[in-house]
Amino acid sequence: MVTKTATATNLINVFIADPLSEDGIFPLRQETELNLNVVIETGLTAEQLIEKIEDVHVLLVRSQTKVTREIIAAAKNLKLIGRAGVGVDNIDLTAATEHGVIVVNAPDGNTNSAAEHTIAMMTSLARHIPQAYNALKNGVWDRKSYVGVELKNKTLGVVGFGRIGTEVAYRAKGQRMNVIAYDPFLTEDRAKELGITKGTVDEVVQAADFITVHTPLLPETRNLINKDKFAIMKDDVRIINCARGGIIDENDLYDAIVEGKVAGAALDVFVEEPATNHKLLTLPQVIATPHLGASTIEAQESVAVDVSNDIIKFFKTGTVTNPVNMPSIPKELLAQVEPFFELAEKLGKFLSQVTTEPIKEINISYAGEVANYDVRPLTSNNLKGLLQKNHGEHVNDVNARYLSERIGIKINEHKTTTAKGFTNLITVEVKTENEVHTVAGTLLNGLGARIVKVENYVVDVIPQGHLLYIKNIDKPGAIGRVATKLAEKDINIATMQVGRDQVGGTAIMMLTIDNGVTEEDLNYVAQLENIDEVKAITL
Ligand SMILES: NC(=O)c1ccc[n+]([C@@H]2O[C@H](COP(=O)([O-])OP(=O)(O)OC[C@H]3O[C@@H](n4cnc5c(N)ncnc54)[C@H](O)[C@@H]3O)[C@@H](O)[C@H]2O)c1
Ligand SMILES: O=C(O)[C@H](O)COP(=O)(O)O
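The name an unreviewed UniProt entry gives the protein chain is D-3-phosphoglycerate dehydrogenase, with Ureibacillus aquaedulcis as the organism. Per UniProt, the protein chain carries the Function (unreviewed entry) text "Catalyzes the reversible oxidation of 3-phospho-D-glycerate to 3-phosphonooxypyruvate, the first step of the phosphorylated L-serine biosynthesis pathway. Also catalyzes the reversible oxidation of 2-hydroxyglutarate to 2-oxoglutarate." What the UniProt record of the protein chain gives under Sequence similarities (unreviewed entry) is the line "Belongs to the D-isomer specific 2-hydroxyacid dehydrogenase family."

Once that is clear, we can look at the nonpolar core. With 42 residues, the main nonpolar core has Phe350, Ile362, Leu378, Ile451, Val454 and Met510 as its most contacted residues. Looking at this core element by element, the count peaks at 10 residues for helix H13 (residues 331–354). In this structure, Met510 is in contact with Phe350, Val454, Val459, Val461, Leu467, Leu468, Tyr469, Thr495, Met496 and Gln497, ignoring residues within four places of it in sequence.

Our focus in this paragraph is the layout of surface pockets. Estimated volume of the second largest pocket: approximately 380 Å³. In this structure, the second largest pocket is lined by 20 residues; those nearest its centre are Lys76, His99, Gly100, His394 and Asn399. Taken together, the elements giving at least two residues each to the lining of the second largest pocket come down to helix H3 (69–74) and helix H15 (400–406). Of the residues forming the lining of the second largest pocket, the biggest block, 3 residues, is contributed by H15. Residues that form the lining of the second largest pocket fall into these classes: 7 nonpolar, 7 polar and 6 charged.

Here we come to the site of ligand 1. The local shell around ligand 1 holds 25 residues, among which Arg163, Ile164, Asp183, Cys242 and Asp268 are the closest. Between ligand 1 and Cys242 there is a distance of 2.9 Å, counted from a nitrogen atom to a backbone nitrogen or oxygen. Expressed as a share of its isolated accessible area of 860 Å², the protein-covered part of ligand 1 is 88%. In terms of residue class, the shell around ligand 1 is made up of 12 nonpolar, 9 polar and 4 charged.

Time to look at the packing of aromatic side chains. Applying the stated criterion to the full structure yields 2 aromatic pairs. Between Phe314 and Phe315, the ring centres sit 4.9 Å apart and the planes meet at 85°, which makes this aromatic pair edge-to-face. Measuring from ring centre to ring centre gives 6.2 Å for Phe350 and Tyr469, while their planes differ by 45°; the resulting arrangement is tilted. Of the two residues, Phe350 is situated in helix H13 and Tyr469 in strand S19 (residues 466–473); the sequence distance between them amounts to 119 residues. Of the two residues examined, Phe350 and Tyr469, each falls in the buried class. Stacked on the ring of Tyr254, the Lys or Arg Lys279 has its end atom at 4.6 Å from the ring centre. For the cation-ring pair, Lys485 lies above Tyr524, with the distance from its terminal atom to the ring centre recorded as 4.2 Å.

The sheet built from 6 strands is open, its strands ordered S14-S13-S15-S16-S17-S18 with mixed pairing. On the outer flanks of this sheet lie strand S14 (410–416) and strand S18 (457–461), each paired with one strand and no other. On average, adjacent strands in this sheet sit at an angle of 20° to one another, irrespective of strand direction. As paired elements, strand S13 (residues 359–368) and S14 share 7 bridges and run parallel to each other. Residue Tyr366 lies in a different strand from S14, and its bridge partner there is Lys415. Docked against the sheet, helix H14 (residues 376–391) engages S13, S14 and strand S15 (424–432), running at close to 140° with respect to S13.

Cut-off values and rules
Residues numbered from 1 in each chain as written. Chains lettered and ligands numbered in written order. Predicted model: local features only at pLDDT ≥ 70, side-chain atom pairs only at ≥ 80, totals over all residues. Heavy atoms only, no water. UniProt positions renumbered as here; feature names shortened; annotations may be inferred. Core = buried A, V, L, I, M, F, W, Y, C linked by side-chain atoms within 4.5 Å. Buried < 20%, exposed > 50% of the residue type's maximum accessible area, 1.4 Å probe, protein only. Helix = DSSP H or I, 4+ residues; strand = E, 2+ residues; numbered from the N terminus. Contact = heavy atoms within 4.5 Å. 1 Å grid on protein atoms, 1.4 Å probe; cavity = no way out; pocket = protein on both sides within 12 Å on 5 of 7 lines; lining within 4 Å. Points joined across faces, edges and corners; volume = space filled by probe spheres on them. Nonpolar A, V, L, I, M, F, W, Y, C, P; charged D, E, K, R; others polar. Near = heavy atom within 4 Å. Polar contact = N/O pair within 3.5 Å; in protein donor to acceptor, adjacent residues only side chain to side chain. Areas by Shrake-Rupley, 256 points an atom, 1.4 Å probe, with all protein chains shown as cover. Phe/Tyr/Trp six-rings, centres within 6.5 Å; stacked < 30°, edge-to-face > 60°. Lys NZ or Arg CZ within 6 Å of the ring centre and 35° of its normal. Pairing = 2+ DSSP bridges. Axes fitted to C-alpha atoms, helices over the stretch in contact; angles between N-to-C directions.

Written out as structure tokens, the structure is:
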């Protein structure tokens, strides 16, 4: 994806609000091309952060700092929020998107650590290691109370089979456990390949001796494991949550333990953190760690390196590797799609300058090879071009779709593999109360972008610099008179394209000119006989 960049000479204020690995932020420290000013201040209250955030361009956090709508609104210069980790439930993504702030995370860097921690918690739970350790440290040699259970031949139920869930399953299989998993994206083939069983949530929780959750915290996953699910579980089931507080209903878990349905729980995460005074912690069957899943030297270095590199990439190229609030384009596709970003934006810009009324509907058609790609980022760029005239710098490809929809523009995307003589063709039509305008563009092999159609006329115009778009009656002399008038105003024509619907009918002239023109220049040309309309367009 492509979004707005700051120029390399600008000072870029990077504010680190949670403790990050110093080795991990080394890429930021050693960056010389960008003028980065890295400030670290952790443990701030929301009010303190709001006071400091106005000039911040990049906010870097882990899970402690809650990046709320208020904080985002106060961060007038914010371009990017970096999450050095996976979960982004501490960031108001809607607010970030509305403000055109891109959010990036580090989805791979702590997978291994989180999976290892999950296995450590499961083993500790099975063998009462924390409780026995505590007793012994207090001088009690008690072997009777801490008889555990084996993992071998037990069934592990995994809810959420993404990166961490999958890694946990590999390790559980190494412990000779059977694994049953639920994930909306888990296919039968993939399950077979991994030697696990695929089930529904209910099948998973019914079959399991141990249940571990590895989904993100989303509206759909909040309290996913609740009293209804506990009711269908095996007696003496053991529960592990190293994902997010709130995926398991804490009150229902408490009751299920007290009632003797659940033999124990291992928790790394809580709804409210820090959770120093939680009722679950009063139960001897509950073992816990203070959100340590990703707290290894390796994971912390890795996630901080990943977000640091994305920050640098963003300010240098306008692209990022791990966007959260935008569709991401696989690396292998990016090179193919990237040239279309600018074309899509220029087509939007073009239409914003020929349209005189508020736009109600936009129809974007992608034809040819480009139709094989995820075209949403192209549409965002097109909308950005379309809205910039009225929204200026406030619109970027993060918020362009949101802003368009907010002002009531209906957006329709169409794809077709046939492109009528072009390898690729992007056609954009905008409708207002009384107007319909169309422009189409293509990328010519080796020659760059071209506008190839304006309204119903075939043209061949480089979408760059200053253009004059003139509508006239197809009568002899019109072209000559326009050229003369422009010459009188010292306006030099670089190229000229003409088109008409029929002999003597409506015609257009598309001129590229060396400099911009004034309103007075336009009126001067518009007064000519047989000239209907004259518009200046800057691309
Ligand atoms: N304790 C820690 O320190 C720690 C460390 C890393 C990650 N995490 C948490 O673990 C979560 C998972 O991390 P990951 O790297 O595996 O993420 P991931 O995106 O690779 O996997 C999440 C999986 O959950 C699945 N999912 C989404 N909705 C679901 C639903 N309703 N039911 C079942 N599955 C659903 C998704 O399809 C996806 O496969 C993170 O979102 C984060 O909150 C915690
Ligand atoms: O979502 C994550 O990546 C983990 O919960 C880690 O959170 P942390 O960065 O606060 O350790």
